[in-house]
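Examination of the molecular architecture
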Amino acid sequence: MTLHRPHGTLSTPSDVISLTPRDAGWTFTGLRVLRIEAGGSRTVETGEFEAFVLPLAGSLSVEVGSERFELRGRDSVFTRVTDFAYVPRDETVVLVSEQGCEVALPMARCENRLTPKYGSAQDVPVEVRGSGNATRQVTNFGVPGVWDHADKLIACELITPDGNWSSYPPHKHDSSEPCEVENEEIYYFRIADRDQVTPSRTGFGFHRTYTGDGTIDEDVTVRDGDVFLIPRGYHGPCVAAPGYPMYYLNVLAGPGPERSMAFCDDPAHTWVRDSWAAQEQDPRCPVTTAEGRVK
């Protein structure tokens, strides 16, 4: 299995990214990224998947069944927390954008058909996690306990200021001991240019995923638009190169009867969490809120 999917390798004539569970070699988790031209529209058949509609750049309306949601988006993922929508399986979804937009559809194969639902940026909790050079922003728009209107799907966003580390200490959610929850996970990266807000292939970062038995051991350079697949094992850190902030969208789903983000640290590195108590958090976090950039 190729875990690192560089920008362009998952594109189709109609999608910026088209990643199904079959493409990933697993069962539940998928991702589409669509670009809609100004005044244009896209129709999506969800089939056996539930999904979030998450604006990455620009705004759009979502028409699903008898519902219509207006999603106020953002200039880029580095400028604002965005509105979003949940759409169920077995549904026809029409996406319309007056000014043009780029939109992510994190997806999960599921059995239960729920109702469509709107999510306001004003209600999305923004968490500052870690400390020192491991300080990062976690935007918990689609996680259990915050958004419970989903059958399998879990999603959140992270922003790592340039020079900082995130997804650290390395952790896993798989079926190996002592973990209790198994999830397939997608990392979708965006890297800002020197202006700190415009996604660009100029900048870069690093990502690590490995297993205790060494069957997976990958250290990769990631650039804007790259995807990394995590079927099992420890993942982290993600490191933003100095000068280039890092964003990633996490998409998770698994076979468990309940949605959960429970994880297990690599025991060799879990002590790092205790060290944060003696450090100050990076004042650059939070980077964004529903009102825009903080600093």
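First, a word on scope: everything that follows refers to the structure included in this document.

Here is what the cut-offs are and how they apply
- Residues numbered from 1 in each chain as written.
- Predicted model: local features only at pLDDT ≥ 70, side-chain atom pairs only at ≥ 80, totals over all residues.
- Heavy atoms only, no water.
- Buried < 20%, exposed > 50% of the residue type's maximum accessible area, 1.4 Å probe, protein only.
- Helix = DSSP H or I, 4+ residues; strand = E, 2+ residues; numbered from the N terminus.
- Pairing = 2+ DSSP bridges.
- Phe/Tyr/Trp six-rings, centres within 6.5 Å; stacked < 30°, edge-to-face > 60°.
- Lys NZ or Arg CZ within 6 Å of the ring centre and 35° of its normal.
- Contact = heavy atoms within 4.5 Å.
- Polar contact = N/O pair within 3.5 Å; in protein donor to acceptor, adjacent residues only side chain to side chain.
- 1 Å grid on protein atoms, 1.4 Å probe; cavity = no way out; pocket = protein on both sides within 12 Å on 5 of 7 lines; lining within 4 Å.
- Points joined across faces, edges and corners; volume = space filled by probe spheres on them.

So, on to the pairing of strand β20 (residues 234–240). The buried fraction of β20 is high, at 7 of 7 residues. Alignment of strand β17 (residues 205–210) against β20, held across 5 bridges, turns out to be antiparallel. In the strand pairing of β20, phenylalanine 206 is matched with valine 239.

Right, let's get into the packing of aromatic side chains. In this structure the tally under the stated criterion is 15 aromatic pairs. Plain terms: the ring middles of phenylalanine 69 and tyrosine 118 are 6.3 Å apart, the flat faces sit at 35° to each other, and that makes the pair tilted. Highlighted residues: phenylalanine 69 in strand β6 (residues 67–74) and tyrosine 118 in strand β10 (residues 117–119), separated in sequence by 49 residues. Each ring, one from phenylalanine 204 and one from phenylalanine 206, has its centre 5.7 Å from the other, and the planes form 80°; the classification is edge-to-face. Its end group placed over the ring of tryptophan 147, lysine 117 keeps NZ or CZ at 5.1 Å from the ring centre.

Structurally, aspartate 193 can be placed in the loop between β16 (184–191) and β17. In this structure the C-alpha to C-alpha distance between aspartate 193 and aspartate 224, which are 31 residues apart in sequence, comes to 9.5 Å. Not counting residues within four places of it along the chain, the set of residues in contact with aspartate 193 comprises Thr198, Ser200, Thr202, Gly243, Tyr244 and Pro245. One polar contact links aspartate 193 to serine 200, side chain to side chain, over a distance of 3.1 Å.

Let us now look at the pairing of strand β21 (residues 246–253). Most of β21 is tucked away, with 8 of its 8 residues classed as buried. Judged by which residues are buried, β21 turns out to be covered on both faces: Met246, Tyr248, Asn250 and Leu252 on one side and Tyr247, Leu249, Val251 and Ala253 on the other are all buried. Bridging between strand β13 (residues 154–160) and β21 involves 7 bridges; their strand directions are antiparallel. Counterpart to threonine 160 in the pairing with β21 is methionine 246. Sheet analysis places β16 next to β21, joined by 8 bridges and oriented antiparallel. Counterpart to glutamate 184 in the pairing with β21 is alanine 253.

By volume, the largest pocket is sized at about 300 Å³. Taken together, 19 residues make up the lining of the largest pocket; nearest its centre are Arg129, His171, His173, Met261 and Phe263. Going through the elements one at a time, β12 (136–142), β13, β16 and β21 are the ones with two or more residues in the lining of the largest pocket. No other element matches the 3 residues that β12 contributes to the lining of the largest pocket.

Quick look at empty space enclosed by the protein now. Under the counting rule described, the total for this entry stands at 1 cavity of 30 Å³ or more. A volume near 30 Å³ is recorded for the largest cavity. Every residue along the wall of the largest cavity is listed here: Arg74, Val77, Arg80, Val81, Gln137, Thr139, Glu157, Ile159, Tyr247 and Thr288. Only β12 and β13 provide two or more residues apiece to the lining of the largest cavity.

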